[in-house]
Amino acid sequence: MITAAKQPDKDFKAILVHKFDRFSRSRQDHIIYKALLKKQGISVLSASEPTEPDTPHGLLLEGMLEVISEFYNMNLKHETLKGMRENAIQGFHCGGRAPYGYRLKRNGVKVTYEYGPDHEVETVKLIFQLAAEGWGGRRIATFLNQQKIDSKVWRPSTVLSLLSNHAYLGYRTWNKKSEVDGHKNPPEEWIVTKECHPAIIDKEIWDAAHREVSLRKLSAPK
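I will try to describe carefully the structure that is included in this document.

**Focus on the overall build of the chain**
Phase 1 of the analysis: What the chain contains, in helices and strands, is 8 helices and 6 strands.
Phase 2 of the analysis: Secondary structure elements of the chain occur, N-terminal to C-terminal, as α-β-α-α-β-α-β-β-α-α-α-β-β-α.
Phase 3 of the analysis: Counting across all 222 residues of the chain, residues that qualify as buried make up 35%.
Phase 4 of the analysis: Taking contacts inside the chain between residues at least 6 apart in sequence as the whole, the part at least 24 apart equals 56%.
Phase 5 of the analysis: When the accessible surface of the chain is summed, it comes to about 14,600 Å², and 54% of that surface belongs to carbon and sulfur atoms.

Written as structure tokens, this is what we have:
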């Protein structure tokens, strides 16, 4: 948009939006990009919120509309996160795909997990059993590929990620990453709810697998 506005042969003098929040819901973006466009003689106009941007009253009204839009957007994010937190505490799904071995199941307006195909469930059990016997992620991945399990390419990282997923214990874990900027949250900020859906792995085999994984990490060359 800015690049097009800088062209000497541009054939437009204004950008028309339905509402100013369609241009941006960030007040900062409004200020920056409108200023850049204005330098090129381009105005931003709203079809449903007519203002006179070159007058003091018009400037004030436009600024108020932009602030209201940003407030609405921030409040919506807050309410959405609050709803997701409550959903997680109750043990329901908060978005994304179901882990391997599970499928999404709708329970009224809520969503949880149910067992997936038998071969996937058995593969999950096999992976944990091999890990409990001391097999590493690379060796397990190689074995699964040799056996052509599920007609997919298994990687060590995929195996280790599966082994670390508490969903297989029947737990629901939410807030590992920030929903705002994606950074990793410390474990004390995670929301973990037990017995949310049918477990594929019992605690005994989980603990055995993780003891072996931890030992392999400690013995790995630095």
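**Some words on helix H7 (residues 156–163)**
Phase 1 of the analysis: Of all the residues in H7, the buried ones are Val 159, Leu 162 and Leu 163. Buried residues along H7 cover an arc of 100° about the axis, so they all sit on one side.

**Thoughts on the packing of aromatic side chains**
Phase 1 of the analysis: Scanning the entire structure with this criterion turns up 7 aromatic pairs.
Phase 2 of the analysis: On the numbers, 5.4 Å between centres and 90° between planes, the contact of Tyr 100 with Trp 154 is edge-to-face. Taken as a pair, Tyr 100 in the loop between helix H4 (56–89) and strand S3 (102–107) and Trp 154 in the loop between helix H6 (137–146) and H7 lie far apart in primary sequence, 54 residues in all. The same class applies to Tyr 100 and to Trp 154, which are both buried.
Phase 3 of the analysis: Taken together, Tyr 102, Tyr 113, Tyr 115, Phe 128, Tyr 168 and Trp 206 form an aromatic cluster joined through their ring pairs.
Phase 4 of the analysis: When the ring centre of Trp 154 is taken as origin, the NZ or CZ atom of Lys 152, which lies over that ring, is 4.6 Å away.
Phase 5 of the analysis: It is Arg 172 that lies over the ring of Tyr 113; its NZ or CZ is 3.9 Å from the centre.

**Considering the nonpolar core**
Phase 1 of the analysis: Core analysis: the largest hydrophobic core is formed by 30 residues, its most contacted members being Phe 128, Trp 154 and Tyr 168.
Phase 2 of the analysis: Counting residues per element, the ones that place at least two in this core are helix H5 (118–132), H6, H7 and helix H8 (203–219).
Phase 3 of the analysis: Examining the composition of this core, we find that 7 residues originate from one element, H5, more than from any other.
Phase 4 of the analysis: Filtering out sequence-adjacent residues up to four positions away, Phe 128 remains in contact with Leu 162, Leu 163, Tyr 168, Ile 201, Ile 205, Trp 206 and Ala 209.

**Details of the pattern of salt bridges**
Phase 1 of the analysis: Overall, the coordinates contain 3 salt bridges when judged by the stated rule.
Phase 2 of the analysis: Residue Arg 103 is joined to Glu 120 by a salt bridge in which the shortest nitrogen-to-oxygen separation is 2.9 Å. Linking Arg 103 in strand S3 with Glu 120 in helix H5, this pair joins segments that are 17 residues apart in sequence.
Phase 3 of the analysis: On the basis of relative accessibility, which here comes to 35%, the residue Arg 103 falls in the partly exposed class.
Phase 4 of the analysis: The shortest N-O distance in the salt bridge between Lys 125 and Glu 122 comes to 3.8 Å. One end of the pair, Lys 125, and the other, Glu 122, are both in helix H5, 3 residues apart, so they sit about a helical turn from each other.

**A look at a nonpolar patch on the surface**
Phase 1 of the analysis: On the surface, a nonpolar cluster with roughly 310 Å² of combined accessible area is contributed by Leu 60, Met 64 and Ile 68.
Phase 2 of the analysis: In this structure, Met 64 sits in helix H4.
Phase 3 of the analysis: The class of Met 64 is partly exposed, set by a relative accessible area of 45%.

About the criteria used
Residues numbered from 1 in each chain as written. Predicted model: local features only at pLDDT ≥ 70, side-chain atom pairs only at ≥ 80, totals over all residues. Heavy atoms only, no water. Helix = DSSP H or I, 4+ residues; strand = E, 2+ residues; numbered from the N terminus. Buried < 20%, exposed > 50% of the residue type's maximum accessible area, 1.4 Å probe, protein only. Contact = heavy atoms within 4.5 Å. Areas by Shrake-Rupley, 256 points an atom, 1.4 Å probe, with all protein chains shown as cover. Arc of directions from axis to C-beta. Phe/Tyr/Trp six-rings, centres within 6.5 Å; stacked < 30°, edge-to-face > 60°. Lys NZ or Arg CZ within 6 Å of the ring centre and 35° of its normal. Core = buried A, V, L, I, M, F, W, Y, C linked by side-chain atoms within 4.5 Å. Salt bridge = Lys/Arg side-chain N within 4 Å of Asp/Glu carboxyl O. Patch = residues over 30% accessible without salt bridge, like charges linked within 9 Å, V, L, I, M, F, W, Y side chains within 5 Å.

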